[in-house]
Amino acid sequence: MTSNELSNASANQSFNLWYHPLYTDGIHVEARFPRERYQILLNRLKDSEQFHMFAIREPRQISKDSLLLAHDATYVEEFLEQKLSEKEMRRIGLTPWTPKMIERTLCLTGGALEATIHAVNHGGITGNMAGGTHHAHRDFGSGYCIFNDLAICAMYAIEELGVKRVAILDLDVHQGDGTATILSNEARTRTISVHCSTNFPFRKSVSDFDLPVEPKAGDELFMEKVREAVELCVDFQPELVLYQAGVDGLEQDHLGKLCVSRKGMQERNQYVFEKMLKNRIPTVIFMGGGYSKPIEHSLDSFYDLFIDASIWNKRWS
Ligand SMILES: [Zn+2]
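Residues numbered from 1 in each chain as written. Predicted model: local features only at pLDDT ≥ 70, side-chain atom pairs only at ≥ 80, totals over all residues.

**Q** Hey, could you go over the sheet that holds strand E6 (residues 209-213) for me, with residue numbers and the actual values?
**A** With parallel pairing, 8 strands are arranged side by side in an open sheet as E2-E1-E3-E8-E7-E4-E5-E6. Bordering the open sheet on either side are strand E2 (54-57) and E6, each of which pairs with just one other strand. Neighbour-to-neighbour, the strand axes of the sheet open up by a mean angle of 15°, direction not taken into account. Bridging between strand E4 (residues 166-170) and strand E7 (residues 240-244) involves 5 bridges; their strand directions are parallel. In the sheet register, Leu-169 faces E7, and the bridge partner there is Tyr-243. Contacts from helix H9 (residues 218-235) reach E4, strand E5 (189-196), E6 and E7 within the one sheet, and its direction differs from that of E6 by about 175°. Against the sheet, helix H11 (residues 296-314) engages strand E1 (15-18), E2, strand E3 (125-128) and strand E8 (283-286), with an angle of about 155° to E3. (Pairing = 2+ DSSP bridges. Helix = DSSP H or I, 4+ residues; strand = E, 2+ residues; numbered from the N terminus. Axes fitted to C-alpha atoms, helices over the stretch in contact; angles between N-to-C directions. Contact = placed C-beta atoms within 7 Å.)

**Q** Got a sec to walk through the packing of H9 against helix H10 (residues 262-278)? Specific residues and values, please.
**A** The interhelical angle for the contact between H9 and H10, taken along N-to-C directions, is 15°, at an axis separation of 10 Å. Classified by the angle between their axes, H9 and H10 sit roughly parallel to one another. The crossing of H9 and H10 is right-handed. Residues Asp-219, Phe-222, Met-223, Val-226, Arg-227, Val-230 and Val-234 of H9 pack against Gly-264, Glu-267, Arg-268, Tyr-271, Val-272 and Lys-275 of H10. Grouping the amino acids of the contact of H9 with H10 by side-chain chemistry returns 7 nonpolar, 1 polar and 5 charged. (Parallel < 35°, antiparallel > 145°, perpendicular 65-115°, else oblique. Left-handed = near helix turned anticlockwise from the far one by under 90°. Nonpolar A, V, L, I, M, F, W, Y, C, P; charged D, E, K, R; others polar.)

**Q** Describe the packing of helix H2 (residues 37-46) against H11, naming the residues involved and giving the relevant values.
**A** Describing two packed helices takes the angle between their axes plus the distance from one axis to the other. Axis separation between H2 and H11 bottoms out at 10 Å; the angle between their running directions is 50°. When the interaxial angle is binned, H2 and H11 end up oblique. Regarding H2 and H11, the two cross each other, and that crossing is right-handed. Side by side, H2 and H11 meet where Arg-37, Ile-40, Leu-41, Arg-44 and Leu-45 of the first sit next to Ser-298, Leu-299, Phe-302, Tyr-303 and Phe-306 of the second. Along the lines of polarity and charge, the residues of the contact of H2 with H11 split into 7 nonpolar, 1 polar and 2 charged.

Put into structure tokens, the structure is as follows:
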């Protein structure tokens, strides 16, 4: 057992979930972002009966070379050297920034990458308890997203791990616009986004497949699109699926408009896990958005997401 493994789970059947205290602590206390959600969620998972099935892992910082698989060198350097303009930082949000923001971003993206490598090497389901930063573009950040972990991990899997095809299944209430543009000319990836038609980003990008849902759709209409999206995903015969599992489609969410219930969200996740298991496609969970007021509703659905992931992961063995 390695020192960066926080729980005592050891077998391959453990659900490997990457987490770092900086996911919360790297964001300024005055930022308008529910920074505490990571810490609270970890504590709730630790208190659950299923926690023995989890292996909580601490990520290392991602390398600059890995960032460059999906990002422009000038943008990467300006971020690392704290030279982004006020305007560029405002577009990202999470302000006011602290110097810890750099370390946080590198750890968070490192967590996604380590979860991806583990899924490719061992199969099953893995996850990162943050990220899903789908609004980050090649040379600028936006909407709480600095680097696009989905695009980076997809390109890393292809270039460094020999994976032939990667599908990005994005079921967050917001469109995966950054992922779509970064990977637009990449035939070895398929980007699929189910999102609310009238939510941010207001100028949508073109994914390989966009499945917009009307506001206030509710569980049934949402699930129709989810099933369609999963079919498009499986049809591509990917060797890896990167699942952006944002829960901001919930009816109590402050930034989403889809009116999906907690049960509907759970049905969504279980449907994805079931199909990926049936087709033996390793799956990485990217946490994505969740901004309910109070935050407890988002936390309930994130809790369901990771508990169900641990249960479905065990069925792989
Ligand atoms: Zn979102």
